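Here is how the chains run, residue by residue.
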Amino acid sequence: MATQRHRARSHRAAGGENIPLEDGSVDAVFSTYVLCSVDDVDRVLREVRRVLKPGGTALFIDHVAAPPQTWRRRLQDLASPITRRVSGCRWNRDVTAAVEASGLETVRLDRRDVASGRLTLAVPCTIHEVVNP
């Protein structure tokens, strides 16, 4: 969700691929488990970059793919069609590569394992803090 400083707050229903805000109009964007669930990650990141002011900050918290050729990645690849149908989330998406290719500058990248629901399996997640150059 994007917010605007010094303007009346309002809620707008819109997808991340088409943010109904003016270019360079927001100071910050905060997103939780969006990039792992949208159909077009690159388009969402272009929209975030478009609406952020130069020097504006974005924080993305998302499920991410485990390293290739690991048992966790194989399990994610098996589970992702199910998680996509149940919650819309793709556990095996390489969100980090998409953020790095977006033109946004990474300030901080934190990797964590987060338990999902009643499962004891911890899903890899990242917290990306980025700035619009």
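Let us look at the structure shown here. Small disclaimer: the values here were computed from a predicted structure and weren't measured.

Description of unusual backbone geometry
For step 1, the next point in the chain: Positioned with a positive phi, Y33 is a non-glycine residue whose angle comes to about 50 degrees.
For step 2, the next point in the chain: Within the fold, Y33 resides in the loop between β2 (26-32) and α1 (41-51).
For step 3, the next point in the chain: You will see that Q69, though not glycine, has its phi angle at about 65 degrees, which is positive.
For step 4, the next point in the chain: For Q69, the location among the structural elements is in the loop between β3 (52-63) and α2 (71-87).
For step 5, the next point in the chain: Judged by relative accessible area, Q69 falls into the exposed class, the value being 71%.

Quick notes on the pairing of β3
Within a regular strand, the side chains alternate between the two sheet faces.
For step 1, the next point in the chain: In the sheet, β2 pairs with β3 via six bridges, with the strands oriented parallel. Paired with S31 across the two strands is F60, which belongs to β3.
For step 2, the next point in the chain: Taking the sense of rotation as the criterion, the β-α-β connection linking β2, α1 and β3 turns out right-handed.
For step 3, the next point in the chain: Summarising the sheet, β3 and strand β5 (residues 122-131) pair through seven bridges and their orientation is antiparallel. If you follow L59 over to β5, its bridge partner there is E129.

With respect to the pattern of salt bridges
For step 1, the next point in the chain: In this structure the tally under the stated criterion is nine salt bridges.
For step 2, the next point in the chain: Measuring nitrogen to oxygen at the nearest pair gives 2.6 Å for the salt bridge that ties D23 to R50. Here D23 is found in the loop between β1 (2-3) and β2, whereas its partner R50 is found in helix α1, with 27 residues between them in sequence.
For step 3, the next point in the chain: Residue class for R50 comes out partly exposed when judged on its relative accessible area of 26%.

Remarks on α1
For step 1, the next point in the chain: Every buried residue of α1 is accounted for by V41, V44, L45, E47, V48 and V51. One face of α1 carries all of its buried residues, which in axial projection span an arc of 155 degrees.
For step 2, the next point in the chain: The elements touched by buried residues of α1 are β2, β3 and α3 (95-101).

Rules of the game
Residues numbered from 1 in each chain as written. Predicted model: local features only at pLDDT ≥ 70, side-chain atom pairs only at ≥ 80, totals over all residues. Heavy atoms only, no water. Helix = DSSP H or I, 4+ residues; strand = E, 2+ residues; numbered from the N terminus. Buried < 20%, exposed > 50% of the residue type's maximum accessible area, 1.4 Å probe, protein only. Pairing = 2+ DSSP bridges. Right-handed = clockwise from strand over helix to strand, strands pointing away. Salt bridge = Lys/Arg side-chain N within 4 Å of Asp/Glu carboxyl O. Arc of directions from axis to C-beta. Contact = heavy atoms within 4.5 Å.

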